[in-house]
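# Close look at the chain arrangement
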Amino acid sequence: MDDMQEYEVVVKAYSKPLYRYCYHKLCGDRCLTEETLNDVFAVVYQKWDSLNKTNIRAYLYRVADNCIKHNRSMHQKYYIHNRSLEEISSTDSGDTLYCTDEYFLRDIDEDKAIERIKVALPPEDFKLFSFRYIHKKTLMQIVTETGLPYSSVRLRLQRIEEAAKKEMAIIFT
Amino acid sequence: MVSKLEQKLTQYEKSTKISNDKELIDAIEWLLSEQDALPYEERDYDLIEEALDTLLRLQGLDVEDIDRSSLQWTVAYLDGVNTQKRATLDKPARRRRIKTKWIFPLVAVLTLLLSATVAAYAYGLDLVSMTADMIERLPLKTWIHNNDKDLIVSQDGSEYASLDEFALAEDISELLIPKVFPEGSALKSILVTDFGEYKDIRFLMIPGSTISSFSIQNPGKFETELEMVAIGNHHVYMYNYDGIYGAEFEFQGGFYSIEASSYDALEEIILGLEKGE
């Protein structure tokens, strides 16, 4: 594999995580994110021959941080996120999911969908899914019943919802 | 299988309970700032990437849409690079010859190094001990936990009754350190990393604190062509974006970097800085 191919492999492998990283640090400004990524990979391209590639990931993040700092100081105005943090519920009953009940159950046989999801998920994950979407329990109720910490319930539900979305997409196609 | 992020958060919840998404976001931000405090080579990038994925989703952002943008960017970028490369490409045969040429100097350098090693031992130099000595001089880290406000305990078990005592022991008493944090802020831990040429001191705050970050590099320099403003006796470079107020300045050879959620908190902590005893 020649240098150019190797460089392309690196760009393809790291552009997605670095894009998210810069996007987060630059408060959702896509133009600035892409400008920063251009700078990052331009630096890497220039230094490619002399680069120690054993820990390229660390190097990429270091360059990204430097480029972010530079671009932040050059651009004084930033866009806010699409959704304000205040909109995220801080109560124990009105918690908002990014994936609503309606998404799962629109226009299809509910039992068929649930059966499909049950097959796709491990038993303990399906249990959480059923607490949330079948029995309509709040997050705090699930925390109390399972004894799991809030963060574990939240993270697992996020993962379960992604898997369930994929199953729903299959049903719709 | 429990993910790294979940493991970290479960550990976190042993001392600080999370009961809603806002607190979860704060906890993840805190984990990310903990990673930020480490040297780049020591960060857990799998954890960082998992944390960012979760954080963006919790903030209600369409991560799939962000990923689509990143894919579009990648395709466009590589297309641009390839176009540029084709325009300036050398003949392949000539490039191969250039690569071959470097083998001979490389062999010469390696032979020289080998001879030098043999000569060093012949002169009685113990290279193994010297290497070990060098390894010992690698950056040392000291974690100071201030969960019990009356006591500061370092990783090696040293105890300090106050920030002043800690500053004296860590030889940073000439620097300005925060003695009192603004209302709504609390110190969770202090990370001191000794890089030899300089020390990096980071005050890591409880998530949701009005002071979100405070770090000192000593010795450190700060130069900027941008406009500075006066806060107390200090001329600082101030920046503001999306509700974050930041200040950077130099004092007695140390470089200070502070971020807060309000101008008042930023001003308060800068005005309240005092030297360690």
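Please read these numbers as outputs of a predicted model, since none were measured by experiment. Residues take numbers from 1 onward in each chain, read along the sequence in its written order. By the order in which they are written, chains take letters starting at A while ligands take numbers starting at 1. Reporting of local features is limited, given that this is a predicted model, to residues whose pLDDT is at least 70; pairs of side-chain atoms are given and counted only at 80 or more, and all residues count toward the totals for whole chains, interfaces and linings. Each side-chain value is derived from all of the structure's non-hydrogen atoms; neither hydrogens nor water enter the calculation.

Bringing the state of the cysteines into the picture now. All names here are of chain A. Count a disulfide wherever a pair of cysteine sulfur atoms falls within 2.5 Å. Under the criterion given, the structure shown has zero disulfides over all chains. Here cysteine 67 is not cross-linked by a disulfide; its sulfur's nearest cysteine counterpart is in cysteine 22, at 8.0 Å. Each residue is assigned to one of three classes by its accessible area relative to the maximum for its type, calculated with a 1.4 Å probe on protein chains only: buried under 20%, partly exposed between the two thresholds, exposed over 50%. Judged by relative accessible area, cysteine 67 falls into the buried class, the value being 10%.

We call two residues contacting when some pair of their heavy atoms lies within 4.5 Å. If you look at the interface, chain A gives 54 residues, while chain B gives 54 residues. We define buried area as the total accessible area lost by two parts upon association, computed with a 1.4 Å probe and summed across both. With both chains or domains summed, chain A and chain B bury close to 5,200 Å², and 58% of this area falls on carbon and sulfur atoms. We define a salt bridge as a side-chain nitrogen of Lys or Arg found within 4 Å of a carboxyl oxygen belonging to Asp or Glu. The interface formed by chain A and chain B includes twelve salt bridges. A salt bridge links B:Asp46 to A:Arg57, with the shortest nitrogen-to-oxygen separation between them at 2.8 Å.

On to helix α9 (residues 263-271) of chain B, then. Residue and element names in this part refer to chain B. In this description a helix means any DSSP run of H or I spanning at least four residues, a strand means any run of E spanning at least two, and both kinds are numbered starting from the N terminus. The complete set of buried residues in α9 reads Ala265, Leu266, Ile269 and Ile270. One side of α9 holds all its buried residues, which, seen down the axis, span an arc of 130°. Exposed and facing more than 90 degrees away from the buried side of α9 are Asp264 and Leu271. Throughout, the arc means that of the directions going from the helix axis to the C-beta atoms.

Inspection of the entire model under this criterion finds 21 salt bridges over all chains. B:Asp44 is the partner of B:Lys4 in a salt bridge, and the nearest nitrogen-oxygen pair spans 3.0 Å. A residue pair is termed long-range when its members are at least 10 positions apart, and B:Lys4 in helix α1 (residues 4-15) and B:Asp44 in the loop between α2 (21-36) and α3 (45-58) qualify at 40 residues. Note on B:Lys4: relative accessible area 38%, which makes it partly exposed. Looking at B:Asp44, the relative accessible area reads 22%, which means it is partly exposed. Connected via shared salt-bridge partners are A:Lys16, A:Arg20, A:Glu162, B:Asp53, B:Arg57, B:Glu64 and B:Asp67.

The subject of this paragraph is the confidence of the model for chain A. All names here are of chain A. Scored by pLDDT, chain A has a mean of 76; 75% of the residues are at 70 or more. For chain A, helix α4 (residues 101-105) is the element with the lowest average pLDDT, namely 41, and helix α1 (residues 3-25) is the one with the highest, namely 91. The pLDDT value tells you how sure the predictor is about a given residue, anywhere from 0 up to 100. Taken together, the stretch residues 76-107 has pLDDT below 50 and engages in 70 contacts with residues farther than four places along the chain or on a different chain.

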